[in-house]
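Now for the letters of each chain:
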Amino acid sequence: MSGENKSVPEIGDEVEVTIESIAFGGDGVARHNNYVLFVPDVIPGEKIAVSITGSKRTYGRGVPTRIQEPSPDRIEPRCEVYGLCGGCQYQHVSYDRSIEFKEQQLKEVILRIGRLSVEDLCDPIRPAPEAYGYRNVVSLRVRAVESGWKVGYVARDNKTFVPISHCPIASKALVFPVYHKPLRFRSDERLCYRYKHLDFCYGLGSFFQINHIMIPALIDLVREGLAPEPGETLLDLYAGAGLFSLALAEKYRRVIGVEAGEEAVACFEANIRENKLLNVGV
């Protein structure tokens, strides 16, 4: 296009840029002579040196080599393999600022796809009380080594194995092995969760909210949004082990959960029996 200067850098080049924004997925967006660059582990406003790792006609990718002017929101990541592991994107950012990034990305997606303003749909994001140690289920890879076995995650390239000694975002209660070739680990154990006077069990292969700390807030949000009236029937689609069905049952004449997963249905039925809820079915 006339008037534009898109000098395309080559792989291995180093350029200096200012990060303008954060794209969906966590990469920073910058421009070098009007050429768009995506860079991980950066914060808007930072001036950085970038080594080019990928170059296409309309955009490129790079990695930061020097943070020349860091953001005041930059913090030290807690994870020993942050930047290698593909699981987290915002540990270098203060938690409050990362919430702002996620809220803005949600607004942009809803506006682009649904043509709606997120302010018309919901309140601002409610932050979690804990930014670490919240996740009750993780999927780990296992590799054989001379001394035995190592567990870990997959790197950002989606293929390299990254061994870990611990995971800062994971709960300390991760104790049940799951079937996974070629080691063929398997467990029929059930995990448990208590919400007020209700007891829930769920299988390792069935869906349950991964952040136990935020479950009460989620239930409150759903209850507020539904505003149930006496005598109504609640239809809970993709019900999993029945968390919302059981938690909201006292507000409805009848609750019907819809779920296709056999393990989840078995847990749902067990939860109904355990909590003696006669108005809930699956």
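Going by the structure above, here's the rest.
Predicted model, so just to flag it, every value in this text is computed and none were measured.

(A) Summary view of the nonpolar core. Core analysis: the biggest nonpolar cluster contains 25 residues, and Tyr193, Tyr195, Phe200, Phe208, Ile219, Leu246 and Val280 have the highest contact counts within it. Broken down by secondary-structure element, the contributors of at least two residues to this core are β9 (190–195), β10 (198–203), α2 (215–226), α3 (243–247) and α4 (262–275). Counting 13 residues, the second-largest nonpolar core is a separate cluster that includes Val81, Tyr132, Tyr153 and Ile164.

(B) Structural detail: the packing of aromatic side chains. Counted according to the given criterion, the structure contains five aromatic pairs. Judged by centre distance (5.8 Å) and plane angle (80 degrees), the rings of Phe38 and Tyr59 are edge-to-face. Of this pair, Phe38 sits in strand β3 (residues 35–39) while Tyr59 is found in strand β5 (residues 59–69), placing the two residues 21 residues apart along the sequence. The partly exposed category is assigned to Tyr59, whose relative accessible area is 26%. An aromatic cluster of at least three residues, connected via ring pairs, comprises Tyr193, Phe200, Tyr202 and Phe208. Of note, Arg156 hangs over the ring of Tyr82, and the distance from its end group to the ring centre comes to 5.6 Å.

(C) Spotlight on the pairing of strand β1 (residues 14–22). In this structure, β1 lies alongside strand β4 (residues 47–55), joined through five bridges in antiparallel fashion. Following the sheet pairing, Val17 is matched in β4 by Ile48. As paired elements, β1 and strand β2 (residues 28–32) share three bridges and run antiparallel to each other. Note that in β2 the partner of Ser21 across the bridge is Val29. Hairpin connection, β1 to β2: the antiparallel pair is bridged by five residues, and Gly25 has positive phi, about 105 degrees.

(D) Broad picture of the sheet that holds β1. The sheet built from five strands closes into a barrel, its strands ordered β1-β2-β3-β5-β4 with mixed pairing. Each neighbouring strand pair of the sheet contributes to a mean axis angle of 50 degrees, computed without reference to strand direction. The pairing of β3 with β5 spans three bridges and is classified as parallel. In the sheet register, Leu37 faces β5, and the bridge partner there is Gly60.

(E) Structural detail: the environment of Arg223. Take Arg223: it is sitting in helix α2. Counting along the chain gives 48 residues from Arg223 to Asn271, while the straight-line C-alpha distance between them is 20 Å. For Arg223, the contacting residues outside a window of four places in its chain are Tyr195, Pro228, Ala247, Leu248 and Lys251.

(F) Examining the state of the cysteines more closely. Summed over the entire model, instances satisfying the criterion amount to zero disulfides. Cys79 carries a free sulfur, and the closest cysteine sulfur to it, the one in Cys85, is 6.1 Å from it. Judged by relative accessible area, Cys79 falls into the buried class, the value being 16%. Given the relative accessible area of 10%, Cys85 is considered buried.

(G) Structural view of the side chain of Gln91. By the element assignment, Gln91 lies in the loop between β5 and α1 (95–114). Within the local environment of Gln91, its side chain forms a polar contact with the backbone nitrogen of Arg78, the two atoms lying 3.4 Å apart. Excluding residues within four positions of it along the chain, Gln91 makes contact with Ile75, Glu76, Pro77, Arg78, Cys79, Tyr82, Tyr132 and Ile169.

(H) Here's a closer look at the pairing of β9. Burial along β9 is one-sided: Leu191, Tyr193 and Tyr195 are buried, while Arg190, Cys192 and Arg194, pointing the other way, are not. Across six bridges, the pairing between β9 and β10 is antiparallel. Among the inter-strand pairings, Arg190 is bridged to a residue of β10, identified as Gly203. Two successive antiparallel strands, β9 and β10, enclose a turn made up of two residues, where Lys196 displays a positive phi of approximately 55 degrees.

(I) Focus on the environment of Asp13. Position of Asp13 among the secondary structure elements: in the segment before β1. Looking at Asp13, the relative accessible area reads 33%, which means it is partly exposed. Considered as a pair, Asp13 and Gln105 are 92 residues apart in the sequence and their alpha carbons are 30 Å apart.

Scoring rules and cut-offs
Residues numbered from 1 in each chain as written. Predicted model: local features only at pLDDT ≥ 70, side-chain atom pairs only at ≥ 80, totals over all residues. Heavy atoms only, no water. Core = buried A, V, L, I, M, F, W, Y, C linked by side-chain atoms within 4.5 Å. Buried < 20%, exposed > 50% of the residue type's maximum accessible area, 1.4 Å probe, protein only. Helix = DSSP H or I, 4+ residues; strand = E, 2+ residues; numbered from the N terminus. Phe/Tyr/Trp six-rings, centres within 6.5 Å; stacked < 30°, edge-to-face > 60°. Lys NZ or Arg CZ within 6 Å of the ring centre and 35° of its normal. Pairing = 2+ DSSP bridges. Axes fitted to C-alpha atoms, helices over the stretch in contact; angles between N-to-C directions. Contact = heavy atoms within 4.5 Å. Disulfide = S-S within 2.5 Å. Polar contact = N/O pair within 3.5 Å; in protein donor to acceptor, adjacent residues only side chain to side chain.

Structural measurements only, silent on function.
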